[in-house]
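Structure assessment
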Amino acid sequence: MRRGQTVTSDSLVDELWPSLPPDKGKRVLQVRLAEIRKHFADAGPPFELAIASTSAGYRLDLPPEALDTERFVQLVHDGEAHSGRGDMLRTSTVLREALGLWRGAALAGLQVSQFLEMAAAGLEELRLVAVEQRTAAELADGCHARLVGELESLVRAHPLRERLWEQLVLALYRSSRQTEALRACATIRRLLADDIGVSPGPGLGTLEAAVLAHDPILDLPPPSK
């Protein structure tokens, strides 16, 4: 999580083994680093010399593409760039690649310090943003019928994510399921009121009014020539 930055021994011990006396913590750190270096040596380039010792501490010397976290972040940025250019197919492809790097919760089993907890929370939030951007791109590309089931699962897993609910409403409406779309609007209103005592943002109200009016603005735009 701190590739290319020198991290002091004291910082590592404080983050990972705060209950140990400093001297014992540093001995444990040296043992763990030796184990990691052995694993890295067995892995070969670019890992074999990846942990550099300096007078100030230790530094992970790896190219960004060697770390799945940094590959994920870069792919999300690439997807945003494709979306900005209106290339929804490429946006979806790149974001699917980014999300395919995940193998469970961020830093699963490693959230042993406040720093790592915050890092994991940041990655999980970016993961959800990437999901929302991918589904938005696929909605724009006419995949609403296929997305309904996935979006229903996503709002069950993340019931307070308004953007996912808005996407579900649009997918249902475009699938000729207006009644269910309106029911979804009512559900997110109730969830927000009951769980955190707030009303939805203006986006949902505008979307709900458009669904009621069968506003053509909700229809898919004609394909570009």
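Residues numbered from 1 in each chain as written. Predicted model: local features only at pLDDT ≥ 70, side-chain atom pairs only at ≥ 80, totals over all residues. Heavy atoms only, no water.

Digging into a nonpolar patch on the surface
- Together, Leu 160, Ile 196 and Val 198 give the surface a local cluster of nonpolar side chains, amounting to about 230 Å² of exposed area.
- Relative to the helices and strands, Leu 160 is located in the loop between α6 (144-157) and α7 (162-174). (Patch = residues over 30% accessible without salt bridge, like charges linked within 9 Å, V, L, I, M, F, W, Y side chains within 5 Å. Areas by Shrake-Rupley, 256 points an atom, 1.4 Å probe, with all protein chains shown as cover. Salt bridge = Lys/Arg side-chain N within 4 Å of Asp/Glu carboxyl O. Helix = DSSP H or I, 4+ residues; strand = E, 2+ residues; numbered from the N terminus.)

Some remarks on the packing of helix α5 (residues 114-140) against α6
- For the pair α5 and α6, interaxial distance at closest approach is 10 Å and the crossing angle is 155°. Looking at the two axes, α5 sits roughly antiparallel to α6. Note on packing geometry: the crossing formed by α5 with α6 is left-handed. Of the residues in α6, those in contact with Val 131, Arg 134, Thr 135, Glu 138 and Leu 139 of α5 are His 144, Arg 146, Leu 147, Glu 150, Leu 151 and Leu 154.
- A breakdown of the residues in the contact of α5 with α6 according to their chemical character gives five nonpolar, two polar and four charged. (Axes fitted to C-alpha atoms, helices over the stretch in contact; angles between N-to-C directions. Parallel < 35°, antiparallel > 145°, perpendicular 65-115°, else oblique. Left-handed = near helix turned anticlockwise from the far one by under 90°. Contact = heavy atoms within 4.5 Å. Nonpolar A, V, L, I, M, F, W, Y, C, P; charged D, E, K, R; others polar.)

Points about the packing of aromatic side chains
- This model, assessed by the stated rule, comprises two aromatic pairs.
- Of note, Arg 2 hangs over the ring of Phe 115, and the distance from its end group to the ring centre comes to 4.0 Å. (Phe/Tyr/Trp six-rings, centres within 6.5 Å; stacked < 30°, edge-to-face > 60°. Lys NZ or Arg CZ within 6 Å of the ring centre and 35° of its normal.)

A few points about the packing of α7 against helix α9 (residues 202-212)
- At a minimum axis distance of 10 Å, the contact between α7 and α9 shows a crossing angle of 10°. The angle between α7 and α9 falls in the class roughly parallel. Residue-level inspection shows Glu 166, Val 169 and Tyr 173 of α7 in contact with α9, the latter providing Gly 203, Leu 204, Leu 207 and Val 211.
- For the contact of α7 with α9, the per-class residue count stands at five nonpolar, one polar and one charged.

A look at the confidence of the model for the protein
- The predicted model of the protein has a mean per-residue pLDDT of 94, with 98% of residues at 70 or higher.
- Averaged pLDDT values for the elements of the protein fall to 93 in helix α1 (residues 9-16) and rise to 98 in α7. (pLDDT = per-residue confidence, 0-100.)

Some thoughts on the environment of Leu 212
- Turning to its location among the elements, Leu 212 is positioned in helix α9.
- Residue Leu 212 is classed as exposed on the basis of its relative accessible area, which comes to 55%.
- Distance in space between the C-alpha atoms of Leu 212 and Thr 179 is 9.3 Å, their sequence separation being 33 residues.
- Non-local contacts of Leu 212, meaning those with residues more than four positions away in its chain, are made with Gln 178 and Leu 182. (Buried < 20%, exposed > 50% of the residue type's maximum accessible area, 1.4 Å probe, protein only.)

Description of the sheet that holds strand β3 (residues 58-60)
- Strand order in the open sheet made by the three strands is β1-β3-β2, with antiparallel pairing throughout. Of all the strands in the sheet, the pair left with one neighbour each is β1 (6-7) and β2 (51-53).
- Docked against the sheet, helix α2 (residues 22-43) engages β2 and β3, running at close to 135° with respect to β2. (Pairing = 2+ DSSP bridges.)

A short note on unusual backbone geometry
- Of note, the amide linkage connecting Pro 45 to Pro 46 takes the cis form, showing an omega dihedral of 0°.
- Following the sequence through the fold, Pro 46 ends up in the loop between α2 and β2.
- Even without glycine at this site, His 214 takes up a positive phi of about 50°.

Concerning the side chain of Glu 208
- Locating Glu 208 in the fold gives a position in helix α9.
- By relative accessible area, Glu 208 is classed as buried at 19%.
- Excluding residues within four positions of it along the chain, Glu 208 makes contact with Leu 182, Cys 185 and Arg 189.

Some points on the environment of Gly 79
- Note that Gly 79 resides in helix α3 (residues 68-84).
- On the basis of relative accessible area, Gly 79 is assigned to the buried category, the value being 0%.
- Separated by 13 residues in sequence, Gly 79 and Ser 92 have C-alpha atoms that sit 7.3 Å apart.
- Non-local contacts of Gly 79, meaning those with residues more than four positions away in its chain, are made with Thr 91, Val 94 and Leu 95.

A few points about the pattern of salt bridges
- Taken as a whole and assessed by the stated rule, the structure comprises 16 salt bridges.
- Arg 59 is the partner of Asp 61 in a salt bridge, and the nearest nitrogen-oxygen pair spans 2.7 Å.
- Here Asp 61 falls in the partly exposed class, since its relative accessible area comes to 32%.
- The salt bridge involving Glu 132 is made with Arg 161; its shortest N-O contact spans 3.0 Å.

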